[in-house]
Amino acid sequence: MATTIKVLSLNMWGVPFASKKIKQRSEHLIEHLLASDYQIVGLQEVFTSWHAKMIQDGVKSIFGHSHWFRSGSLGSPGLVVLSRYPIIEIAFHPFALNGYPQRVAHGDWWAGKGVGLCRIDHPLSTIDFYLTHIHANYTHTGYDMYTGHRVSQMYCMAKYMARSSTSDAVIAVGDFNCVEDEVATEIFLEASGLTDSYRELHPDKINDPGYTNDTPECSWRADTSMATLCSNGTCKRIDYVFYNRSKLSCTDCQVVMGKIPGQTFSYSDHMGVSTTFVLQPENERPAMRPAKLSKSTAKSALEHIERSVKATKADTTQKLIIWTVLTLLWCGVIVVAVLDLIPSVVVAVLASILSACATAVFWYLVIFSRTESSKFSEALQEMQVLARFAE
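Heads up: these notes are all about the structure in this document. Being a predicted model, the structure only gives us computed values, none of them experimental. (Residues numbered from 1 in each chain as written. Predicted model: local features only at pLDDT ≥ 70, side-chain atom pairs only at ≥ 80, totals over all residues. Heavy atoms only, no water.)

Observations regarding helix α2 (residues 49-58)
For step 1, the next point in the chain: The complete set of buried residues in α2 reads H51, A52, M54, I55 and Q56.
For step 2, the next point in the chain: In this fold, the buried residues of α2 make contact with β1 (3-14), α1 (22-34), β2 (40-46), β3 (65-68) and β4 (80-83). (Buried < 20%, exposed > 50% of the residue type's maximum accessible area, 1.4 Å probe, protein only. Helix = DSSP H or I, 4+ residues; strand = E, 2+ residues; numbered from the N terminus. Contact = heavy atoms within 4.5 Å.)

So, the sheet that holds strand β12 (residues 272-279)
In a beta sheet, neighbouring strands pair by backbone hydrogen bonds and run either parallel or antiparallel.
For step 1, the next point in the chain: Strand order in the open sheet formed by six strands is β3-β4-β2-β1-β12-β11, with mixed pairing between adjacent strands. Of all strands in the sheet, those bounded by a partner on one side alone are β3 and β11 (248-256). Across the sheet, the mean angle from the axis of one strand to that of its neighbour is 15°, orientation sign disregarded.
For step 2, the next point in the chain: Of the strand pairs in this sheet, β1 and β12 are connected by seven bridges, and their pairing is antiparallel. Within the sheet, the bridge partner assigned to L8 lies in β12 and is S274.
For step 3, the next point in the chain: Here α1 sits on the sheet in contact with β1, β2 and β4, set at roughly 175° to β1. (Pairing = 2+ DSSP bridges. Axes fitted to C-alpha atoms, helices over the stretch in contact; angles between N-to-C directions.)

Some points on the state of the cysteines
For step 1, the next point in the chain: For the structure on display, the rule yields zero disulfides.
For step 2, the next point in the chain: Unpaired in this structure, C250 has its nearest cysteine sulfur neighbour in C253, at a distance of 5.5 Å.
For step 3, the next point in the chain: By relative accessible area, C250 is classed as buried at 11%. (Disulfide = S-S within 2.5 Å.)

With respect to the pairing of β1
For step 1, the next point in the chain: Counting buried positions over the twelve residues of β1 gives nine, a clear majority of the element.
For step 2, the next point in the chain: Following the backbone out of β1, through α1 and into the adjacent parallel β2, one traces a crossover that is right-handed. (Right-handed = clockwise from strand over helix to strand, strands pointing away.)

Looking at the nonpolar core
For step 1, the next point in the chain: Y130, M157 and F188 are the most contacted members of the largest nonpolar core, which totals 40 residues.
For step 2, the next point in the chain: Of all elements in the fold, only β6 (114-121), α4 (147-164), β8 (169-175), α5 (183-192), β10 (239-243), α8 (295-339) and α9 (344-389) reach the threshold of two or more residues within this core.
For step 3, the next point in the chain: Considering each element in turn, this core owes the most residues, eight residues, to α4.
For step 4, the next point in the chain: Contacts of F188, omitting those with residues within four sequence positions, involve M154, M157, A158, M161, A172, G193, L194 and F242.
For step 5, the next point in the chain: With 26 residues, the next largest nonpolar core counts L33, F63, V256 and I260 among its residues. (Core = buried A, V, L, I, M, F, W, Y, C linked by side-chain atoms within 4.5 Å.)

Quick word on the side chain of H122
For step 1, the next point in the chain: Mapping H122 onto the fold places it in the loop between β6 and β7 (126-133).
For step 2, the next point in the chain: Using a relative accessible area of 5% as the deciding quantity, one classes H122 as buried.
For step 3, the next point in the chain: For H122, the contacting residues outside a window of four places in its chain are T3, I5, Y85, I127 and L279.

A closer look at the pattern of salt bridges
For step 1, the next point in the chain: Applying the stated rule across the entire model yields 15 salt bridges.
For step 2, the next point in the chain: Note that D128 is salt-bridged to R119, the shortest N-O span being 2.6 Å. We note that D128, like R119, is buried. (Salt bridge = Lys/Arg side-chain N within 4 Å of Asp/Glu carboxyl O.)

Remarks on the sheet that holds β10
For step 1, the next point in the chain: The strand order across the open sheet built from six strands is β5-β6-β7-β8-β10-β9, with neighbouring strands paired in mixed fashion. Unpaired on one side and paired on the other, β5 (87-94) and β9 (195-196) mark the two borders of the sheet.

Description of a nonpolar patch on the surface
For step 1, the next point in the chain: Residues W330, I334, V335, V338, L339 and L341 make up a contiguous nonpolar surface patch of about 590 Å² in total accessible area.
For step 2, the next point in the chain: Structurally, V338 is set in helix α8. (Patch = residues over 30% accessible without salt bridge, like charges linked within 9 Å, V, L, I, M, F, W, Y side chains within 5 Å. Areas by Shrake-Rupley, 256 points an atom, 1.4 Å probe, with all protein chains shown as cover.)

Quick word on the packing of aromatic side chains
For step 1, the next point in the chain: Tallied over the full model, the rule gives twelve aromatic pairs.
For step 2, the next point in the chain: Judged by centre distance (5.9 Å) and plane angle (70°), the rings of Y138 and Y146 are edge-to-face.
For step 3, the next point in the chain: By relative accessible area, which is 33% here, Y138 ends up partly exposed.
For step 4, the next point in the chain: According to the relative accessible area criterion, Y146 is buried, its value standing at 1%.
For step 5, the next point in the chain: On the numbers, 5.7 Å between centres and 45° between planes, the contact of F176 with F188 is tilted. Of this pair, F176 sits in the loop between β8 and α5 while F188 sits in helix α5; the two residues are twelve residues apart in sequence, bridging distant segments of the chain. Note on accessibility: F176 and F188 belong to one class, buried.
For step 6, the next point in the chain: Here the basic side chain of K6 rests over the ring of Y38, its NZ or CZ set 5.1 Å away from the ring centre. (Phe/Tyr/Trp six-rings, centres within 6.5 Å; stacked < 30°, edge-to-face > 60°. Lys NZ or Arg CZ within 6 Å of the ring centre and 35° of its normal.)

Have a look at this one:
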């Protein structure tokens, strides 16, 4: 006999030192979840251990099973799964391409992003629940330097799901940081064979866009009208609940979690996505196989990866020039010291600064640039194969 499963995905905006009212918003989230009928919840941007523990402990009476994924150099990828049913298996697959360590303010590389899997033991069927937070877009006008990263990450996630899933009941949620007509979203849907639950039930993109980020319902974007936000392209739908229709059918999907009742602020700077499924028992519906990529999607993905490869090579060349200049300056300081043209204290300070900078750039070139170049080359080869055999 079929039963319903209600799922929530929400980016909690828990960036240390940057997000506002983390504790207060989390307390209201806990109250909301305790009074809700959700069975599985996927949270993103819960980067710190105290934040994860607060939420897990707060909802433990209802969501008796939970997991906070850890993998980042600092903190974690920020992924939390809360479940009313036992979590019988946990896995995490890090993305090969994950941004740049020198861009500390962006934070994606330091978070160690990837895709988490919680295998949930539901009475009717095992559910493979995947959760992710794809690399953010920090350039909202012109070309985004991280487009290639998102294309690679979305395809990496689709591949990992195909290899790791043992159930026909598959749900994938998260902040994908990709609008629905972006090539990264298209490649994920085609490679995974999953369905976008919101767009399935709300096919009218014009009158029912389903925006989840930078919307007027969010207090952190206050005093901005929907007309203004939409006209300048700020409103986005980047949070999704995807699923496999083999054993699941979607009966309801809504954008939720705006302003907190009785408060002047919202739960987060993102809206949540709530989806209700009907789960069929074993063997009631035939398994669905992942679709192959279309030629247009494969070609577009290949172009973005090729552009990222060129950008990586240009960055390496730039850093090599900087290292060469620093090294020559250091040599010049040594020559000046030998000729005793300036005080030895000044020489020591200049030599130390130049040496430290040159060493940092050198290790960046040796370790990160080479690794990044190799990973992009691998991603390029994958896309070339996909484009060759696309339908």
